Amino acid sequence: MTQPQAPAGWYADPAGKHEQRWFDGTQWTEHVHSHGRQGIDPPGAPGHVPTVQRDSAKVQRDVQRAGQAGTAGFQGGGSIFTEPVLVVNQKAKLIEVNNEYAIYDQNARQIAAVRQVGQNALKKAARLLTSWDQYMTHKLQIVDMTGTPVLALTRPAKVIKSRIIVEDPSGREIGQIVQQNAFGKIRFGLESGGHAYGIIQGENWRAWNFAIKDHTDTEVARVTKTWEGLAKTMFTTADNYVVQIHRPLEEPLRSLVVAAALSIDTALKQDARGFG
């Protein structure tokens, strides 16, 4: 977005403070947009990149725990779209007001992060005082290590079934991740332009591990929850898991697979930590 040839328009706010910020073709402006309303907020510091102080040996141990079944045989390119293995570490918080994840490659180098945007006072109060937060709209940005958004994810308010709208930083919809069943093993369809490109499905009722398949029912990726210890499991909202992508993927499946793997917690919003 900092390049002169980028067209003027609304884009995901690179600072993560608002849902969108107006880019005039040469620079970011003070015009912002959140919760259906426009406002003024001068651009400030570079975008926030969530980090987690996790020892590199623990990250690599997570990869080992995920196992080698279906591990990709291609070399990584250094981004979330080109690495065969992504290791997701959420911040350990007794009370989580904002979702924040750090994303590593298999060599324990952080290459991206997930941050929540558009949290107003009402939503923060709901997270602190009630369980109603799980039914509200949630917006996430997947950002690179400069804080620049590469994907924007919106989970609209839900009652029973959930869905995630996946957009590029300019707000163009890439596709949706749509829950297909309300009971039993979790199953989401990966859809774009009215076509089904694949599914992500839980492999057990607690929905810790997931298989991601393309439209031919061939597994293209796998998500494996890694054990973070009893204290974290019972008393915090932190999750650690490994995403293994078996082969290079074409768009829109590539973005949908990455978005599905990185938004599982937000899509499900199981405040009972998988027990309910």
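Presented here is an overview of the structure given in this document. Values in this document were obtained by computation on a predicted structure and should not be read as measured data. Residue numbers run consecutively from 1 along every chain, following the written order of its sequence. Thresholds applied to this predicted model are a pLDDT of at least 70 for local features of residues and 80 or more for the giving and counting of side-chain atom pairs; totals over whole chains, interfaces and linings are not thresholded and use all residues. Side-chain metrics rest on all non-hydrogen atoms present in the structure, leaving aside hydrogens and water.

## A few points about the pattern of salt bridges
Move 1: Should a side-chain nitrogen of Lys or Arg be within 4 Å of a carboxyl oxygen of Asp or Glu, the pair is scored as a salt bridge. In total, this model carries ten salt bridges according to the counting rule given.
Move 2: The residue D217 makes a salt bridge to K213 at a minimum N-O spacing of 3.8 Å.
Move 3: Note on D217: relative accessible area 52%, which makes it exposed.
Move 4: Note on classification: 1.4 Å probe, protein chains only; a residue is buried when its accessible area is under 20% of the maximum for its type, exposed when over 50%, partly exposed between these limits. Residue K213 is classed as buried on the basis of its relative accessible area of 17%.
Move 5: With a closest N to O distance of 2.7 Å, R222 and E219 form a salt bridge.
Move 6: Its relative accessible area of 27% is what places E219 among the partly exposed residues.
Move 7: In the salt-bridge network here, residues are joined through shared partners; they are E203, E219 and R222.

## Some details on the nonpolar core
Move 1: Nine residue types can take part in a nonpolar core, namely buried Ala, Val, Leu, Ile, Met, Phe, Trp, Tyr and Cys, and a core is a set of them joined through side-chain atoms within 4.5 Å. By size, the foremost hydrophobic cluster in this structure holds 38 residues, and its most contacted members are V166, I177, L190, I200 and I212.
Move 2: Counting from the N terminus, the helices are DSSP H or I runs at least four residues long and the strands are E runs at least two residues long. For this core, the element with the most residues is helix α4 (residues 253-262), which contributes eight residues.
Move 3: Throughout, a contact is declared for two residues whenever any of their heavy atoms are within 4.5 Å. In contact with I177, other than residues within four places in its own chain, are S162, R163, I164, V166, F188, G189, L190, I200, L256, A259, A260 and S263.
Move 4: The next biggest cluster of nonpolar side chains, apart from the first, holds ten residues, and it includes A66, V87, A102 and A108.

## Comments concerning the environment of V223
Move 1: Among the secondary structure elements, V223 is positioned in strand β15 (residues 219-226).
Move 2: Sequence separation of V223 and L262 is 39 residues, and the distance between their C-alpha atoms is 9.5 Å.
Move 3: Leave out the neighbours within four places in its chain, and V223 touches W208, N209, F210, I212, Y241, V242, V243, A261 and I264.

Read these as geometric descriptors, not functional statements.
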